[in-house]
Every structure is written in structure tokens, then in C-alpha cells.
Amino acid sequence: MQEETDLNIGQAARQGLYIQTFGCQMNEYDSQKLAKIFESSHFEAKSPDQADLIIINTCSVREKPEQKLYSELGKLAELKRARPGLLVGVGGCVAQQEGSRIIKRSKVVDFVFGTHNLSLVPSLVKARRSGLPPQVAVDYRDGWEELPLGFKGSSKISVFVSISRGCNKNCTYCIVPVTRGKEVSRPFHEIERELRIAIHRGAREVVLLGQTVNSYGRDLTPRVTFSELLLRLSKIEGLERIRFTSPHPQEIRSDFVEMMAGTPKVCRHVHMPLQSGSNVILKAMNRNYRRERYLDIIASLKEAIPDISITTDVIVGFPGESESDFEQTMDILEQVRFDSSYSFMFSARPGTRAAAMEETVPEQEKLRRLQHFQRRQDQITSESLNSWVGRTGEILLDGPSSSDPSCFQGRLSQNILVNLQSAHSSLRAGNQHRQD
Ligand code: SF4
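Residue numbers here run from 1 along each chain, matching the order of that chain's written sequence. Confidence filtering applies because this is a predicted model: local features only for residues at pLDDT of at least 70, side-chain atom pairs given and counted only at 80 or more, and all residues used for totals across whole chains, interfaces and linings. Just so you know, side-chain values use all the structure's heavy atoms and leave hydrogens and water out.

**Student:** Pulling in residues and values, what's your account of the side chain of Arg287?
**Tutor:** Numbering of helices and strands runs from the N terminus; a helix is a DSSP stretch of H or I covering at least four residues, while a strand is a stretch of E covering at least two. Assignment of secondary structure puts Arg287 in the loop between helix H11 (279-284) and helix H12 (291-304). Each residue is assigned to one of three classes by its accessible area relative to the maximum for its type, calculated with a 1.4 Å probe on protein chains only: buried under 20%, partly exposed between the two thresholds, exposed over 50%. All tallies of charge rest on Lys and Arg as positive and Asp and Glu as negative; His and the ends of each chain are not included. Take a side-chain nitrogen of Lys or Arg and a carboxyl oxygen of Asp or Glu: if they are within 4 Å of each other, that pair is a salt bridge. Among buried Asp, Glu, Lys and Arg side chains, Arg287 stands out as unpaired, with Asp313 the closest opposite charge at 7.1 Å. Engagement of the side chain of Arg287 in a polar contact is seen with the side chain of Tyr289, the distance being 2.9 Å. Note on definitions: a residue-residue contact is assigned when non-hydrogen atoms from the two residues lie within 4.5 Å. Setting aside residues no more than four positions away along its own chain, Arg287 makes contact with Cys171, Tyr173, His248, Pro249, Gln250, Pro273, Gln275 and Leu282. Contacts described as polar in this section are N or O atom pairs within 3.5 Å, which, within protein, must combine one atom able to donate a hydrogen with one able to accept it, while residues neighboring in sequence count only if both atoms come from side chains.

Here is the structure:
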């Protein structure tokens, strides 16, 4: 890249880059891309005080995201005084929403960049280093933003690859359509090339990322369906497993279940957000499906792939949620028996339609519903894990266990984390291991 080369001019040694990432896998992916952009000019700093450039990649989904950002910036003020050459940039969803307001509010910040402007970061750094005032780049793009392919650093067994950006769904509680813009699919050849680079460096599994992965390809010419994408990727030699997150129930097409069942490399796991089991609340959330449709999809998946793992996201205490609405969410939990779930109490995000709705569920009651849901989910999760005792499964080995370095860790196709005694001499990261 031109900017990357320019950053090296006149530098005797590479500088330190520290990236602090909040939020989802998409943000993690973007941070990996930023590290890649600066690969030739910056080394990875282990802490902010070793860095010449600090980038905070923000998330709007967390509670009180702005307070969180300004508290992080406050912590950097002293460091910046001590190291006048230090530059601080803010990216991600809060940056996209707030833009120049961040610079007005914090003297620490040298540049702000939005979710469509990662490729501009080197030029923002350069402008600031040349004495120009704090920089802002938050314009949306119509097409796919080209970024360097591949990743920096040591190879991983499982890599994220983004296949689309943005979202056209407009769920009433969600700020993503504002912070990430309209949905844009990544050209197939780019996905394929990035994946081939990752495999060459040792990856064996890919996690395809998108806000609604299964609406992939609608905007491409010629059109490609999500199932076709997976089938094509499954032909890549060296790739052993394909995962994806997250499909939207409204976008599940008839060929999806068939593709899942008939493509061995596609993992036997689907994370499909439910959000609520009540049709009234699903409508208020603008989710565009009914509980019956959700249950039908799950039934077809379970029929076609009996050992499939199903996980989900749930929000409790959405405005207007009655006790009977909540009971319908509990009812779906009982019917589907999710292997695990992420569950949250509703909390309004500024700028969303739900923020203008009247909150009808007191915080105490939201908490009660959440705890009730989570207690039951924990029981089901534990029963589901116990059902694996005595069964044989294939584990893709990842490396030493994060909780116990004397063990190896890996995952079943169902996305269940497994620790193995590393006394097995045959254990190697990247290998598939059969275990009873
Ligand atoms: S599908 Fe709904 S919840 Fe998911 S990113 Fe789009 S608007 Fe947000």
C-alpha cells in the first residue's frame, strides 16, 4: 500500500501500535485488518505505554458506550502528556456515530475513523504527524472497502473472514444499520483469496462473518446465494471446517438445510438469534418472522442433522413484553433446548426506534426474567454436554488450553470446547482427533 510505505520514510525503527478492541467478532476482524495495514511500519505493542500509535476500536452495543470511550481516553491523557509524539485514534461504531464530536470533547484524540474507512487510517496518521489538525473520516461507502488480504502475526487454526458488511434489517433495538451502513457483500474472489492465504499459513477452519450472513450475494452480479458460497468454499483444499455467524431466520432459504446436511465441511452448529418467543414482541422488534417459522426451521435442521447444535441470542424485558410474552420465550427454550445462548436485559440504545418506546418492564423484573431464563438454560446446557459422555466426536485441535496449559484444546463440529490431556503424543494443533 502507498500509505504503508510512506509511513516508513525517515523512520529508523518500526514504531509501536496498540489496538484496544471492544465488542463483536466484526470489530476483532477489523482490528486484525488494522494490524495488517500497519504491519511493515509498526510492531505490536504489548501495552499502551510502549506504543507510538494507539487505536481504540469501539462498540455501540455495550451499555453506555460513550462513557466507556471517554473513560478510556481519560486514562490516556497522562500518557499523552508524557509522550508528545503519541497519536490516538478512535474507530468502530461509536466513532461512526459520533464523528467530530469525539474530537471536540477530547483533546487526546488525533483522528476518528468510521467503519467504512479503515483503509484511510494511514493517511490520517500521516496528516496528523505532518502537523495538520485532528482528522475525521466517517463517510459511508456504497461498495466493498478494499483492505489488504490476510492477517498479521502467527497463524491461527481458526480464522475470521468477513463476507459482508452492514445490515438492511432495521431491528428496532439495534444501532448496527446506522453504524455499519447498508449491507454490502464482499466479492467471492476476495473471500476465496483471503481464505487461501490463511490456509497457506496454517488455518484449517474459517468463521464467516456478517450481520446477516445468509443474505450474502443479493447485491452481487451475478447473484450468489449463501448456500452456493458455502458449497464453493467447501471445495478449497486444506480447509476442513466452515462456520458462520449469524444467519437471520427470515433469510433461511429452502436450499440451506439441504446444503448444511450435504456438505461435510460445514460444521454441525447453527447460531440463529431468536430474540423473543412472542409474536407480539417479534413484531415490535421488527424481526420479520414469527415463532412458528423459527420453530419450523429448527425442526427441519434437527430432522436433517440429528446431532446439530443450536445456539441463540435472547433479549428479555423489551418494551411491552408481558409475563405471557416472556413465557413464550421460555416455551421456545423448552422446545428447542438450545445448547447455549447469549441472553440480555433490554437496554435502549440512543438513535434506535426502541429508544423512543415506552419502557414497560421495571429493571427488577427484567433481571428476574433474565435470571429465570439463564438458570433454565444452564440446566439444559449441562444436560446437553453430559449427553456427550460415551460418544465419539472429531475435535479440531487448536493448541494449549487457555485454562490449563497442560491440556490441549479443540472444538467439536458442534462448537463445543474440549480439553484433552496433552500426554497424547499424536496431538498437534490443526489435526483432527477422534476422541471417545
Ligand atoms: S439483523 Fe437486526 S439485530 Fe442483526 S445487525 Fe441487523 S438490525 Fe441489528
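**Student:** Describe the nonpolar core, and please don't skip the residues or the numbers.
**Tutor:** It is characteristic of soluble globular proteins that their nonpolar side chains tend to be buried jointly. Definition of nonpolar core: a set of buried residues of the types Ala, Val, Leu, Ile, Met, Phe, Trp, Tyr and Cys, connected through side-chain atoms within 4.5 Å. Core analysis: the biggest nonpolar cluster contains 59 residues, and Leu208, Leu229, Phe244, Phe256 and Met260 have the highest contact counts within it. When near neighbours in sequence (up to four residues on either side) are disregarded, Phe256 contacts Phe226, Ser227, Phe244, Val270 and Leu301. If you look at the next biggest cluster of nonpolar residues, it comprises 22 residues, including Ile56, Tyr70, Leu73 and Val94.

**Student:** Which residues make up the site of the ligand, and what values go with them?
**Tutor:** Working definition: residue near molecule or strand if any one of its non-hydrogen atoms lies within 4 Å of it. Near the ligand you find Cys167, Lys169, Asn170, Cys171, Tyr173, Cys174, Val176, Pro177, Gln211, Thr212, His248 and Arg287, and these make up its full shell. Each residue receives one of three labels: charged for Asp, Glu, Lys and Arg, nonpolar for Ala, Val, Leu, Ile, Met, Phe, Trp, Tyr, Cys and Pro, and polar for the others, Gly being one of them. In terms of residue class, the shell around the ligand is built from 6 nonpolar, 4 polar and 2 charged.

**Student:** For the packing of aromatic side chains, give the residues involved together with the corresponding values.
**Tutor:** Two numbers describe a pair of aromatic rings. These are the distance of the centres and the angle of the planes. Aromatic rings from Phe, Tyr and Trp, with only the six-membered ring used for Trp, were paired whenever their centres fell within 6.5 Å, and each pair was classed as stacked if the ring planes differed by under 30 degrees, edge-to-face if by over 60, and tilted otherwise. The final tally for this structure, using the stated rule, is 8 aromatic pairs. When the ring of Tyr289 is compared with that of Tyr294, the centres are 6.3 Å apart and the planes differ by 35 degrees; the resulting orientation is tilted. Per residue, the accessibility class of Tyr289 equals that of Tyr294, and both read buried. Note on Phe318 and Phe346: the rings are 5.1 Å apart at their centroids and 70 degrees apart in plane angle, and the pair reads as edge-to-face.

**Student:** Could you give me a rundown of the pattern of salt bridges, with the residues and numbers involved?
**Tutor:** As a working rule, side chains carrying opposite charge can pair if their charged atoms are close by. The tally for this structure, following the rule as stated, stands at 31 salt bridges. For Lys169, the salt bridge identified is with Glu251, shortest N-O distance 2.4 Å. Taken together, the residues span a long stretch of sequence, with Lys169 in the loop between strand E8 (164-165) and helix H7 (176-180) and Glu251 in the loop between strand E11 (241-245) and helix H10 (254-262) at a distance of 82 residues. Across this residue pair, the class does not change: Lys169 and Glu251 are buried. Between Glu251 and Arg253 there is a salt bridge whose closest N-O contact spans 3.3 Å. Relative accessible area serves as the criterion here: at 5%, Glu251 is assigned to the buried category. Taking the relative accessible area as the measure of exposure, Arg253 reaches 43% and is therefore partly exposed. Three or more residues are tied together by salt bridges with common partners; here these are Glu321, Glu323, Glu365, Arg368 and Arg369.

**Student:** Please give an account of the confidence of the model for the protein that cites residues and values.
**Tutor:** How sure the predictor is of each residue is captured by pLDDT, a score from 0 to 100. Summing up the model confidence of the protein, the mean pLDDT is 91 and the portion of residues at 70 or higher is 94%. Here residues 1-12 scores under 50 on pLDDT; set against residues more than four positions off or in separate chains, the count is 18 contacts.

**Student:** Explain the sheet that holds strand E4 (residues 87-91) to me, and be specific about the residues and the numbers.
**Tutor:** Strand order in the open sheet formed by 6 strands is E2-E1-E3-E4-E5-E6, with parallel pairing between adjacent strands. Both outer strands of the open sheet, strand E2 (42-44) and strand E6 (135-137), are each paired with one neighbouring strand and no more. The mean angle between the axes of side-by-side strands here comes to 20 degrees, regardless of whether they run parallel or antiparallel. Alignment of strand E1 (residues 15-21) against strand E3 (residues 53-58), held across 5 bridges, turns out to be parallel. Note on E3: the bridge partner recorded for Ile19 is Ile55. Lying over the sheet, helix H3 (residues 65-82) contacts E1, E3 and E4, oriented at roughly 175 degrees with respect to E3. For two strands to pair, DSSP has to find at least two bridges joining them. Every axis corresponds to a line fitted to the C-alpha atoms, with the helix fit spanning only the stretch in contact, and the corresponding angles, defined between N-to-C directions, vary from 0 to 180 degrees.

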